[in-house]
Amino acid sequence: MPVLPGAEPYRHDGGEVGVLLCHGFTGSPQSLRPWAEYLAEHGLSVALPLLPGHGTRWEDMELTGWQDWYAEVDRELRALSRRCAQVFVFGLSMGGALALRLAARHGDAVSGVVVVNPANKVHGLSAYALPVARHLVRSTRGITSDIAKSGAVEIGYDRVPLHAAHSLRSFFRIVDGELPQVTQPLLLLHSPQDHVVPPADSARILSRVSATDVREVLLEQSYHVATLDHDADRIFEESLAFIGRLAPSLGKEGTAAGG
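Rules and cut-offs
- Note on numbering: residues in each chain are counted from 1, in written sequence order.
- Side-chain atom pairs in this predicted model are given and counted only at pLDDT of 80 or more, local residue features only at pLDDT of at least 70, and totals for whole chains, interfaces and linings cover all residues.
- Excluded from the side-chain calculation are hydrogens and water; included are all heavy atoms of the structure.
- The secondary structure listing takes helices from DSSP runs of H or I that are at least 4 residues long and strands from runs of E that are at least 2 residues long, numbered from the N terminus.
- Put simply, the radius of gyration uses C-alpha atoms, and a globule should come to 2.2 Å times the residue count raised to 0.38.
- Each residue is assigned to one of three classes by its accessible area relative to the maximum for its type, calculated with a 1.4 Å probe on protein chains only: buried under 20%, partly exposed between the two thresholds, exposed over 50%.
- Residues are treated as being in contact if the distance between any of their heavy atoms lies within 4.5 Å.
- Lining residues are those with an atom within 4 Å of a point, where the points come from a 1 Å grid over the protein atoms alone and group into cavities, where a 1.4 Å probe fits but cannot get out, or pockets, open sets with protein on both sides within 12 Å along at least five of seven lines.
- Grid points are joined across faces, edges and corners, and a volume is the space filled by probe spheres set on the points.
- Charged residues are taken to be Asp, Glu, Lys and Arg, nonpolar residues to be Ala, Val, Leu, Ile, Met, Phe, Trp, Tyr, Cys and Pro, and polar residues to be all remaining types, Gly included.
- UniProt positions are given in the numbering used here, feature names are shortened, and annotations may be inferred rather than shown by experiment.
- What pLDDT reports is the predictor's confidence in each residue, on a scale of 0 through 100.
- A pair of strands is treated as paired once DSSP finds two or more bridges between them.
- Structural elements are reduced to axes, namely lines fitted to C-alpha atoms, with helices fitted over the stretch in contact, and the angle between N-to-C directions of any two is expressed from 0 to 180 degrees.
- Note on terminology: a nonpolar core comprises buried Ala, Val, Leu, Ile, Met, Phe, Trp, Tyr and Cys residues joined through side-chain atoms within 4.5 Å.
- The definition of a polar contact used here is a pair of N or O atoms within 3.5 Å, where within protein one atom must be able to donate a hydrogen and the other to accept one, and adjacent residues in sequence count solely through side-chain atom pairs.

Naming follows an unreviewed UniProt entry, where the protein chain appears as Esterase of Streptomyces spinoverrucosus.

A. Fine view of the overall build of the protein chain. Counting its regular elements, the protein chain contains 9 helices and 9 strands. In terms of overall dimensions, the protein chain is globule-like: its C-alpha atoms have a radius of gyration of 17 Å, near the 18 Å expected for 259 residues. The principal-axis extent of the C-alpha atoms belonging to the protein chain is close to 55 × 40 × 35 Å. Looking at the protein chain as a whole, 54% of its 259 residues qualify as buried. By sequence separation, contacts in the protein chain at least 24 residues apart represent 77% of the contacts at least 6 residues apart.

B. The arrangement of empty space enclosed by the protein in detail. For the structure on display, the rule yields 1 cavity of 30 Å³ or more. Approximately 90 Å³ is the volume found for the largest cavity. What lines the largest cavity is simply Gly24, Phe25, Thr26, Ser31, Leu92, Ser93, Ile143, Thr144, Glu154, Val196 and His224. Along the lines of polarity and charge, the residues of the lining of the largest cavity split into 4 nonpolar, 6 polar and 1 charged.

C. Representation of the UniProt feature "site: Important for substrate specificity" (unreviewed entry) in the protein chain in the model. This chain's UniProt record puts "site: Important for substrate specificity" (unreviewed entry) on Ile143. The residue Ile143 is located in the loop between strand S6 (139–141) and strand S7 (159–161) in this model. On the accessibility criterion, Ile143 (32% relative accessible area) is partly exposed. Residue contacts for Ile143: discarding those within four places in its chain leaves Phe25, Thr26, Val160 and Val196.

D. Fine view of the environment of Trp58. Position of Trp58 relative to the elements: it lies in helix H2 (residues 58–61). Take Trp58: its relative accessible area is 14%, and that puts it in the buried class. Separated by 101 residues in sequence, Trp58 and Arg159 have C-alpha atoms that sit 6.4 Å apart. Other than its neighbours up to four places away in sequence, Trp58 contacts Arg138, Ser139, Tyr157, Asp158, Arg159 and Pro161.

E. Local environment of unusual backbone geometry. One non-glycine residue, Thr26, lies in the positive phi region at around 70°. Relative to the helices and strands, Thr26 is located in the loop between strand S2 (17–22) and helix H1 (33–41). Since its relative accessible area comes to 0%, Thr26 is described here as buried. The phi torsion at Ser145 lies on the positive side, around 65°, for a residue other than glycine.

F. Representation of the confidence of the model for the protein chain within the structure. Chain-level pLDDT for the protein chain is 93 on average; 93% of the residues reach the 70-or-more range. Low pLDDT (under 50) marks residues 253–259, which in the prediction has 7 contacts with non-local residues, meaning those over four places away or in another chain.

G. The arrangement of the sheet that holds strand S1 (residues 10–12) in detail. Taken together, 7 strands build an open sheet; the order of strands is S1-S3-S2-S4-S5-S8-S9 and the sheet is mixed. This sheet does not close on itself; its edge strands, each paired only once, are S1 and strand S9 (214–218). With direction set aside, neighbouring strand axes in the sheet form an average angle of 15°. In the packing of helix H3 (residues 66–83) onto the sheet, contacts are made with S1, S2, strand S3 (45–48) and strand S4 (86–92), and the angle to S2 comes to roughly 170°. Along the sheet, helix H4 (residues 94–106) contacts S2, S4, strand S5 (112–116) and strand S8 (186–190); its crossing angle with S4, the most-contacted strand, is approximately 150°.

H. Representation of the environment of Gly53 in the model. The topology assignment puts Gly53 in the loop between S3 and H2. Leave out the neighbours within four places in its chain, and Gly53 touches Asp60, Met61, Thr64 and Tyr157.

I. Highlighting the nonpolar core. Formed by 46 residues in total, the largest nonpolar core has its most connected members in Leu20, Phe25, Trp69, Leu100 and Val113. Counting residues per element, the ones that place at least two in this core are S2, H2, H3, S4, H4, S5, helix H6 (162–178) and S8. If you tally residues by element for this core, the top one is H4, at 8 residues. Not counting residues within four places of it along the chain, the set of residues in contact with Val113 comprises Val89, Ala99, Leu100, Ala103, Gln184, Pro185, Leu186, Leu187 and Phe242. One finds Leu44, Phe88, Leu92 and Leu219 within the second-largest nonpolar core, a separate group that totals 34 residues.

J. Molecular detail of the side chain of Asp176. Mapped onto the elements of the fold, Asp176 is located in helix H6. Residue classification places Asp176 among the buried residues on the basis of a relative accessible area of 13%. Separated by 3.3 Å, the side chains of Asp176 and Asn120 make a polar contact. Dropping the residues within four chain positions of it, Asp176 is found in contact with Asn120, Arg204 and Arg208.

Structure representation (structure tokens):
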């Protein structure tokens, strides 16, 4: 299946500091593309993969599960680590959960983590019905484009395949159990007004990680897809400052890249 226009993966070979960005459930790289390009402009090497089953049509996602999505970002992290002296992992929503698992499992290979509205649980009564419902109903209404900014649109699916949602629920449970293994510096940005992932998920993550270098930032002007919303510039700037503090070589590379 052809990839939806705008949903293509993005890569940039920059300096010795790399960033892997992970997009969300039923979304696509488009939701993080401006962030990735901002980082690339500042001299970073960037990888923003398209997760399996995403970016085409929702029926393709029915055939994939969390193991496929995680395997893709794990591969990308290993590839980035071969080229870069330091690597950071960023993520939005489910991508935040993917980033946190990479940090938990790869240890010192990950220098820091930045997550935006990270998801930790499938909420509501429907979550408990998923094991049965997925065999009776193929999909439910979509969750994309929760954005406060007028005219901003997220490229993703208008339906959520229930087989994939069931797999996502299992993944969240696994990641929740691994959060104490996250010891790297963590920048967590979240929107008080998020109609997809409640603030409780961010609170749970902050309470479970073992990291001591932790910063929480509230995105007061944005909904769930904050990377395309009113607070996008703040996310970009905060994340670059976070890397700059932990990767002293970045400034020199950025100057070299600019010259």
